[in-house]
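# Report on the structure
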Amino acid sequence: MAITLNNGFKMPIIGLGVWRMEGKEIRDLIINSIKLGYRHFDCAADYKNETEVGEALAEAFKTGLVKREDLFITTKLWNSDHGHVVDACKDSLKKLQLDYLDLYLVHFPVATKHTGVGATGSALDDDGVLDIDTTISLETTWHAMEDLVSLGLARSIGIRKFICSNYDIFLTRDCLAYSKVKPAVNQIETHPYFQRDSLVKFCQKHGICVTAHTPLGGAVANTEWFGTVSVLDDPVLKGLAEKYKKTVAQIVLRWGIQRNTVVIPKSSKVERLKENFEVLDFELSKEDMDLLKELDRNYRTNQPAKFWGINLYA
């Protein structure tokens, strides 16, 4: 099952995020997920594992497990490379051992001090606050992203985390206004506790596919890093899991799919990979979709301000 993007390319509606994956774990994760049917992988320069992902993909291609054209590979421009978009994209392609990307995203809508192409540190100033580069506008970054399409380095381009509180819709609107190549995707945190219905509807109305990163509310990863609560512990969702004889995660992912959003859950366990992929054989009723609307808390689980000394979401 796939969503057709505004440029005609198809994006599988279920993908696999590789955040916080390392070493041999990556190889096994990629190979096992392909065997299970995954064809969409969500990467980022900032995850610091593009080289390992590339080695796994190369193995999958070499052994005939899958062909390049069967996969949808996403990676992302880091904040410190906004002034070096083409070089940063080429660096990611080299590490991933690919000739082109299916999707290249602006990871955050903020340019920071350049620390070297592919070096994804977050430079802080003397006060311990993110060192923002005020000479590079989002419009400048976007036009550089458009060059990637004309160069054949990326089939589609998009935005991610354009999410500064109520400013999210306006940033997306502005991008639509000045773009020659429209963003194909807006990747945002959204799950039953953080539904962001207005932004989702705005994007879909204007032909931008919404991808839900953190579609399970962050679970263990965001609890460890940010101390946030997981949606998977919600009693309403547990009740629905019993009703449909599915896991809570499957209920949440199915909810995301029925909103017509792409979901990219992360897991390194084969049994979880299999469960997360098995969400197309049932459907939540309208009554239960309406019930889930009531769970919205406007509750963000991903809080990079912990590392940056500044809250970009305020």
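Conventions and cut-offs
- Residues numbered from 1 in each chain as written.
- Predicted model: local features only at pLDDT ≥ 70, side-chain atom pairs only at ≥ 80, totals over all residues.
- Heavy atoms only, no water.
- UniProt positions renumbered as here; feature names shortened; annotations may be inferred.
- Helix = DSSP H or I, 4+ residues; strand = E, 2+ residues; numbered from the N terminus.
- Rg over C-alpha atoms; globule rule 2.2 N^0.38 Å.
- Buried < 20%, exposed > 50% of the residue type's maximum accessible area, 1.4 Å probe, protein only.
- Contact = heavy atoms within 4.5 Å.
- Areas by Shrake-Rupley, 256 points an atom, 1.4 Å probe, with all protein chains shown as cover.
- Lys, Arg positive; Asp, Glu negative; His and termini not counted.
- Charge placed at Lys NZ, Arg CZ, Asp CG, Glu CD.
- Pairing = 2+ DSSP bridges.
- Axes fitted to C-alpha atoms, helices over the stretch in contact; angles between N-to-C directions.
- Parallel < 35°, antiparallel > 145°, perpendicular 65-115°, else oblique.
- Left-handed = near helix turned anticlockwise from the far one by under 90°.
- Nonpolar A, V, L, I, M, F, W, Y, C, P; charged D, E, K, R; others polar.
- Salt bridge = Lys/Arg side-chain N within 4 Å of Asp/Glu carboxyl O.
- Arc of directions from axis to C-beta.

The chain has the name NADP-dependent oxidoreductase domain-containing protein in an unreviewed UniProt entry, where Salix dunnii is given as its organism. Taken directly from UniProt, the Sequence similarities (unreviewed entry) text for the chain runs: "Belongs to the aldo/keto reductase family."

### Focus: the overall build of the chain
Scanning the chain for helices and strands turns up 12 helices and 10 strands. Taken over C-alpha atoms, the radius of gyration comes to 19 Å for the chain, in line with the 20 Å a tight globule of 314 residues would show. Counting only C-alpha atoms and orienting by the principal axes, one finds that the chain spans roughly 55 × 50 × 35 Å. In the chain, which comprises 314 residues, the proportion classed as buried is 53%. For the chain, the share of sequence-separated contacts (at least 6 apart) that also reach a separation of at least 24 residues comes to 77%. When the accessible surface of the chain is summed, it comes to about 13,600 Å², and 51% of that surface belongs to carbon and sulfur atoms. With 39 positive and 42 negative side-chain charges, the chain shows a separation of 4 Å between the mean positions of the two kinds.

### Some thoughts on unusual backbone geometry
The phi torsion at K245 lies on the positive side, around 55 degrees, for a residue other than glycine. With respect to the element layout, K245 can be found in the loop between α8 (235–244) and α9 (248–258). On the basis of relative accessibility, which here comes to 73%, the residue K245 falls in the exposed class. With phi around 65 degrees, N260 is a residue other than glycine that occupies positive phi space. The residue N260 is located in the loop between α9 and β10 (262–263) in this model.

### Thoughts on the UniProt feature "active site" (unreviewed entry) in the chain
UniProt marks Y47 with the feature "active site" (unreviewed entry), using the numbering shown here. Structurally, Y47 can be placed in the loop between β4 (40–42) and α2 (50–62). A relative accessible area of 14% means that Y47 is categorised as buried. Those residues in contact with Y47 that sit more than four places away from it in its chain are V18, W19, D42, K76, H107 and R160.

### Considering the UniProt feature "binding site: substrate" (unreviewed entry) in the chain
Here the UniProt-annotated "binding site: substrate" (unreviewed entry) positions come out as H107. Of note, H107 is situated in the loop between β6 (101–106) and α4 (138–150).

### With respect to the sheet that holds β4
Within the open sheet, the eight strands sit side by side as β3-β4-β5-β6-β7-β8-β9-β10. Their pairing is parallel. For this open sheet the edge positions go to β3 (16–17) and β10, each flanked by a neighbour on one side alone. Inspection of the sheet shows strand β5 (residues 72–77) paired to β6 by four bridges, in the parallel sense. In the strand pairing of β6, T74 is matched with L103.

### Brief notes about the packing of α4 against helix α5 (residues 168–178)
Taken N-terminus to C-terminus, the directions of α4 and α5 make an angle of 55 degrees; their axes are 10 Å apart at the nearest point. As judged from the angle between their axes, α4 and α5 are oblique. For the element pair α4 and α5, the recorded crossing hand is right-handed. On α5, the residues touching L138, E139, W142 and H143 of α4 are L171, C175 and Y178. Among the residues making up the contact of α4 with α5, the classes are represented as five nonpolar, one polar and one charged.

### Digging into the pattern of salt bridges
Pairing is possible between side chains that carry opposite charge, provided their charged atoms lie close to one another. Counted under the stated rule, the structure contains 14 salt bridges. Notably, a salt bridge pairs D102 with R68, separated by 2.9 Å at the nearest N-O pair. With D102 in strand β6 and R68 in the loop between α2 and β5, this pair connects stretches of sequence that are 34 residues apart. Neither residue differs from the other here; D102 and R68 are each classed as buried. When salt bridges that share partners are traced, they join R27, D28 and E59 into one network.

### Topic: helix α11 (residues 286–293)
Looking at α11, one finds that the buried residues are D288, M289 and L292. End-on view of α11: buried residues confined to an arc of 105 degrees, all on one side of the axis. Turned more than 90 degrees away from the buried face of α11 sit K286, E287 and K293, all of them exposed. Those residues of α11 that are buried lie in contact with α8 and α9.

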